[in-house]
Amino acid sequence: MQVTVIGTGYVGLVTAIGLADAKHDVVCVDLNKERMEQLAQGIAPITEEGIEEALQKNQSRLTFTTEYPLSDLYLVAVGTPERADGSCDLSAVQAVVKLIHSIQPDAAVVMKSTVPPGTTESLQEMYPSLRFAMVPEFLREGTAIRDMRNPHRVVIGTHDQGLAESLADLFKTNAPIVHVDPTTAELTKYAANSFLAVKISFINEIARLADIVGADVEDVAHGIGLDPRIGPAFLKAGAGYGGSCFPKDIAALTTLAQRQGEHLHVIEAADRTNEAQLEYVLQKSIHDRVSGLLC
């Protein structure tokens, strides 16, 4: 199957390389001409374990261009940044879908960009001749190539049975394949990131209490992490979560909920804890340093 991936940022590039690994011919489209030339030379613009080796190994199956080709399948992996009000900026996604429709109005369009629940359904209403699906990414920074090759699960959200079967074959894996509707797939992505953020904020609150009562938070985390219902991942106390995903995804989800008249109290509390955590860590560091000097 010839696949076109639109957007060669973190998600788009890793997805394209993973599909090329699986023997698919992949056309990568990005308006950044310099980046396309760099990628065509086998030079990765992002830092990720194994990405440059995988890029060079699959050069014969990867094409890099600034022009939109006719394709069996378009994967949309453009940015969805946070707006000033906390909502998700979908302008790039909307522009790409509009362009695809003008080129090939009966194309299959798969959303890889993280978009708020209901987005894919809205796009389907706007462009009824296109065939839509949402297949969220669950890549971890540092292990993204490994995660693409060996995912924990593949979530396919579509009402089109034929497209669902094609995507199950495209992303063929030994991991569970979860077939749902597009809105459920979109919410699954946000729910996963939000739950991990809650774990981080939870252990950071326990760390603050541990400082007060004289306990060792690392031992506490080890003790509770041995419970299989909890697990050890994301229980490392520190400065909180940051990066390009968690903050914007949580802002988009909580803003969407509030506009629907709902409050996601647990997630909102986790975000407030995270906002205060960096200041707490800085103050603790200053206090410890001053105490050390006085000693």
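Look up: the structure comes first, before these words.
What counts, and where the lines are drawn
Residues numbered from 1 in each chain as written. Predicted model: local features only at pLDDT ≥ 70, side-chain atom pairs only at ≥ 80, totals over all residues. Heavy atoms only, no water. Core = buried A, V, L, I, M, F, W, Y, C linked by side-chain atoms within 4.5 Å. Buried < 20%, exposed > 50% of the residue type's maximum accessible area, 1.4 Å probe, protein only. Helix = DSSP H or I, 4+ residues; strand = E, 2+ residues; numbered from the N terminus. Contact = heavy atoms within 4.5 Å. Phe/Tyr/Trp six-rings, centres within 6.5 Å; stacked < 30°, edge-to-face > 60°. Lys NZ or Arg CZ within 6 Å of the ring centre and 35° of its normal. Polar contact = N/O pair within 3.5 Å; in protein donor to acceptor, adjacent residues only side chain to side chain. Patch = residues over 30% accessible without salt bridge, like charges linked within 9 Å, V, L, I, M, F, W, Y side chains within 5 Å. Areas by Shrake-Rupley, 256 points an atom, 1.4 Å probe, with all protein chains shown as cover. Salt bridge = Lys/Arg side-chain N within 4 Å of Asp/Glu carboxyl O. Right-handed = clockwise from strand over helix to strand, strands pointing away. Pairing = 2+ DSSP bridges.

1. Focus: the nonpolar core
Membership of the largest hydrophobic core comes to 37 residues, with the highest contact counts inside it found for Leu62, Leu73, Leu167 and Phe171. The greatest single-element share of this core, amounting to 6 residues, is contributed by helix H1 (residues 10–21). Excluding its chain neighbours within four sequence positions, the residues that come into contact with leucine 167 are Leu73, Val110, Ala133, Val135 and Ile156. Grouped together as the second largest cluster of nonpolar side chains are 34 residues, Val76, Leu90, Val97 and Ala192 included.

2. Things to note about the packing of aromatic side chains
Across all of its chains, the model carries 2 aromatic pairs by this definition. Over the aromatic face of phenylalanine 138 sits the side chain of arginine 153, whose NZ or CZ is 3.6 Å from the ring centroid. Here the basic side chain of arginine 208 rests over the ring of tyrosine 280, its NZ or CZ set 5.3 Å away from the ring centre.

3. Digging into the environment of tyrosine 10
Note on placement: tyrosine 10 falls in helix H1. Not counting residues within four places of it along the chain, the set of residues in contact with tyrosine 10 comprises Ile46, Glu48, Leu139, Arg140, Glu141, Gly142 and Ala144. Within the local environment of tyrosine 10, its side chain forms a polar contact with the backbone nitrogen of glutamate 141, the two atoms lying 3.5 Å apart.

4. Focus: a nonpolar patch on the surface
Taken together, the side chains of Leu209, Ile212 and Val213 make up a nonpolar region of the molecular surface, amounting to roughly 330 Å² of accessible area. Within the secondary structure, valine 213 is located in helix H8 (residues 182–213).

5. Considering the pairing of strand E4 (residues 73–76)
Taking every second residue as pointing to the same face, both faces of E4 are buried, with Leu73 and Leu75 on one and Tyr74 and Val76 on the other. Read as a crossover between parallel neighbours, the route from E4 over helix H4 (residues 91–103) to strand E5 (residues 108–111) is right-handed.

6. Points about unusual backbone geometry
Although it is not a glycine, lysine 23 sits at a positive phi angle of roughly 75 degrees. Following the sequence through the fold, lysine 23 ends up in the loop between H1 and strand E2 (25–29). Here the phi dihedral of phenylalanine 234 falls at roughly 65 degrees; this positive angle occurs in a residue that is not glycine.

7. Observations concerning the side chain of threonine 158
For threonine 158, the location among the structural elements is in the loop between strand E7 (154–157) and helix H7 (161–170). A polar atom in the side chain of threonine 158 sits 2.8 Å from the backbone oxygen of phenylalanine 132. At 3.1 Å, the side chain of threonine 158 and the backbone nitrogen of aspartate 160 are in polar contact. Other than its neighbours up to four places away in sequence, threonine 158 contacts Phe132, Ala133, Leu163, Ala164, Val180, Asp181 and Pro182.

8. What about the pairing of E5?
Covered by surrounding structure in E5 are Ala108 and Val110 together with Val109 and Met111, the residues of both alternating faces. As paired elements, E5 and strand E6 (residues 131–134) share 4 bridges and run parallel to each other. Its bridge partner being in E6, valine 109 is matched across the sheet by phenylalanine 132. With helix H5 (residues 119–126) bridging E5 and the parallel E6, this β-α-β connection has right-handed handedness.

Interpretation note: all reported values are geometric properties and have no functional meaning in isolation.
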